[in-house]
Amino acid sequence: MTFDLFDNLPESHSRGGEHNEAIGPGAVVLRGFALSRAAALHDAIAQIQAEAPFRHLVTPGGFRMSVAMTNCGTLGWVSDARGYRYDRIDPDSGRPWPAMPTDFAEIAREAAAAAGYPDFAPDACLINRYTPGTRLSLHQDRNERDLRAPIVSVSLGLPAVFLFGGAQRADRPARVRMAHGDIAVWGGPSRLYYHGIAPLADGSHPLIGALRLNLTFRKAG
Ligand code: MD6
Ligand code: FE
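This one's a predicted model, so the numbers in the text were calculated from it and none came from an experiment.

1. Details of the site of ligand 1
Moving on, step 1. What surrounds ligand 1 is a group of 14 residues, the closest being Y130, D141, S153, H195 and R212.
Moving on, step 2. Within the side chain of H195, one N or O atom sits 2.7 Å away from a nitrogen atom of ligand 1.
Moving on, step 3. At a separation of 2.8 Å, an oxygen atom of ligand 1 approaches a polar side-chain atom of R212.
Moving on, step 4. Where the shell around ligand 1 is concerned, the elements lending two or more residues are strand 6 (124-130), strand 7 (136-139), strand 8 (151-157), strand 12 (195-197) and strand 13 (212-218).
Moving on, step 5. Here the shell around ligand 1 gets three residues from one element, more than from any other, and that element is strand 13.

Below you can see the structure in the form of structure tokens.
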């Protein structure tokens, strides 16, 4: 007999298993994995943004990003004329980023384990906020020191089309729908794959409003 932490939940509320979708080598979407904790995550984001408001970063090339960002955790991802990097200090406040709430770290660890990456210990959580029309162009996540750790990405609010490409920028991306409560985990062979978010469609989500919020957990330091 196998032991599963979620065996006691009804099928429609079970997490993992047949609702997991492989989207690339070492990359998986866990459908609905964050659903039962979405309201708590949303409340925590409200507290974080009171301390470290969302802002539109500027790329090293001088373009204002349409996605608004903030961070929690020991390290925060920032971009300015000097480049992309992780920093312990929020450049807008001069203070450390808000601490990562324990339930954030917990859900990230559980999702990573369900995707085959045990012992994930994130020290950075980048929070992205999209309004309708906002997009994130194809990029690689490569500012993290240890590329053996996966990235765990939690979607809340309006659905988005996640563009998941390959090792080359020119590789034609798959289009993966990410809905409220879905979590993508990727690492291993696809850790440096190009990816992005297509322009967000109009709409309103009952809990989150006319927004998409995305949490990406990383081991950055
Ligand atoms: C987003 N996510 O979903 C943007 N990067 O809003 C990312 O750029 C991302 O979701 C690395 C791993 C997972 C991601
Ligand atoms: Fe990314």
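2. Things to note about the coordination of the iron ion (ligand 2)
Moving on, step 1. Around the iron ion (ligand 2), the protein contributes the donor atoms H139 (NE2), D141 (OD) and H195 (NE2), which lie 2.1 to 2.3 Å from the metal centre.
Moving on, step 2. Mapping the donors of the iron ion (ligand 2) onto the primary sequence yields the spacing H-x1-D-x53-H. Pair noted here: H139 is in strand 7 and H195 is in strand 12, with a separation of 56 residues, a long-range link.
Moving on, step 3. Judged by its relative accessible area of 23%, H139 falls in the partly exposed class.
Moving on, step 4. When its relative accessible area of 4% is taken as the criterion, H195 is described as buried.

About the criteria used
- Residues numbered from 1 in each chain as written.
- Chains lettered and ligands numbered in written order.
- Predicted model: local features only at pLDDT ≥ 70, side-chain atom pairs only at ≥ 80, totals over all residues.
- Heavy atoms only, no water.
- Near = heavy atom within 4 Å.
- Polar contact = N/O pair within 3.5 Å; in protein donor to acceptor, adjacent residues only side chain to side chain.
- Helix = DSSP H or I, 4+ residues; strand = E, 2+ residues; numbered from the N terminus.
- Donors = N, O, S within 2.8 Å, 3.2 Å for Na, K, Ca; no water.
- Buried < 20%, exposed > 50% of the residue type's maximum accessible area, 1.4 Å probe, protein only.

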